[in-house]
Amino acid sequence: MTGVPASAAGGSGAKPVRGGKLGTAAVNQASLWNIANLLTMLRLVLVPGFVMLLLHNGGYDPAWRSFAWAAFAIAMITDLFDGHLARTYNLVTDFGKIADPIADKAIMGAALICLSYLGDLPWWVTGVILFREIGITLMRFWVIRHAVIPASRGGKMKTLAQGTAVGMYVLALTGPLATLRFWVMAVAVVLTVVTGLDYVRQAVVLRRKGIAAERAAAEEAAGAAGAAGASGGSAGPGASGAAEGSGPVAGASSVRGSAEAER
């Protein structure tokens, strides 16, 4: 017992309802070791393991590439759940905000670079996808002061297409499936470019609106300060004049009152 109220100590004092979701009031500050962050850490740990599995025995062993595909699939599946869990159960932490996008780019970048190194995927495809992913991440930081770029449906389709295409390339596919993965990757590249250009457009628009709003707020604050100063200056003489004028009036009323009393 510390004698400090729960609200002051960093907790809400409210007990979670069994079987129910934790609301914002139930968890003010999520622990670093929550399920969402643990899934993100798992993805980070899977990256070197995935690379070793994919490149084992020269990178052309179907069995080891199947193991690599399993690691890649686990990483992509956990990517779907950690963000949902963090938002649903209020488990958002500063670590998660930074580590989650890093884990996403790390597993995808490692897969693309390894596939291009093995000669399975053209380097220009890897370059286009990585340039887009890194560029959009940096652009989010450029705009975050003014607004947050929301995730679009096209961006989610892009992620699904990239994950499916890369997963198919990780597997040692032949025949019609090898042809199919080519077209899936083509769709992923098109979505990567189109959604990237859309994010750039949104970033420019949001930044302009944010700057305009900041300027308008600054001008309004300056106008309000000027008006307050002007009203304060004009109120001084008026108040003194009123004070000076109240003396004779008060004297006259008191004289009149005493005269009436003498009657």
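Calculation rules
- Residues numbered from 1 in each chain as written.
- Predicted model: local features only at pLDDT ≥ 70, side-chain atom pairs only at ≥ 80, totals over all residues.
- Heavy atoms only, no water.
- Axes fitted to C-alpha atoms, helices over the stretch in contact; angles between N-to-C directions.
- Helix = DSSP H or I, 4+ residues; strand = E, 2+ residues; numbered from the N terminus.
- Parallel < 35°, antiparallel > 145°, perpendicular 65-115°, else oblique.
- Left-handed = near helix turned anticlockwise from the far one by under 90°.
- Contact = heavy atoms within 4.5 Å.
- Nonpolar A, V, L, I, M, F, W, Y, C, P; charged D, E, K, R; others polar.
- Salt bridge = Lys/Arg side-chain N within 4 Å of Asp/Glu carboxyl O.
- Buried < 20%, exposed > 50% of the residue type's maximum accessible area, 1.4 Å probe, protein only.
- Phe/Tyr/Trp six-rings, centres within 6.5 Å; stacked < 30°, edge-to-face > 60°.
- Lys NZ or Arg CZ within 6 Å of the ring centre and 35° of its normal.

Peer 1: I'm lost on the packing of helix H3 (residues 62–88) against helix H4 (residues 94–117) in this one. Help?
Peer 2: Between two packed helices, both the angle of their axes relative to each other and the distance between the axes serve to describe the pair. Relative orientation of the contacting elements H3 and H4 amounts to 155°, with a least axis distance of 11 Å. Taken together, the axes of H3 and H4 lie roughly antiparallel to each other. Crossing angle aside, the handedness with which H3 passes H4 is left-handed. Residues Arg-65, Phe-72, Ala-75, Met-76, Asp-79 and Asp-82 of H3 pack against Asp-100, Asp-104, Ile-107, Met-108, Ala-111 and Leu-115 of H4. In terms of residue class, the contact of H3 with H4 is made up of 7 nonpolar, no polar and 5 charged.

Peer 1: Quick question: what am I supposed to make of the pattern of salt bridges here?
Peer 2: Any two side chains of opposite charge can pair if their charged atoms end up close together. For the coordinates displayed, the defined rule picks out 8 salt bridges. For Arg-43, the salt bridge is made with Asp-79, and the minimal N-O distance between the two is 3.7 Å. Of this pair, Arg-43 sits in helix H2 (residues 35–55) while Asp-79 sits in helix H3; the two residues are 36 residues apart in sequence, bridging distant segments of the chain. As far as burial versus exposure is concerned, Arg-43 and Asp-79 are alike and both buried. What emerges from the salt-bridge pattern is a single network uniting Arg-43, Asp-79, Asp-82, Asp-100 and Asp-104.

Peer 1: Could you clarify how one ought to interpret the packing of aromatic side chains in this entry?
Peer 2: Aromatic ring pairs: the centre-centre distance and the angle between the two ring planes describe each pair. For the coordinates displayed, the defined rule picks out 3 aromatic pairs. Consider the rings of Phe-182 and Trp-183, whose centres lie 5.2 Å apart with planes at 80°: the pair is edge-to-face. Its relative accessible area of 54% is what places Trp-183 among the exposed residues. Across from the ring centre of Tyr-169, 4.5 Å away, lies the NZ or CZ of Arg-181, which sits over that ring.

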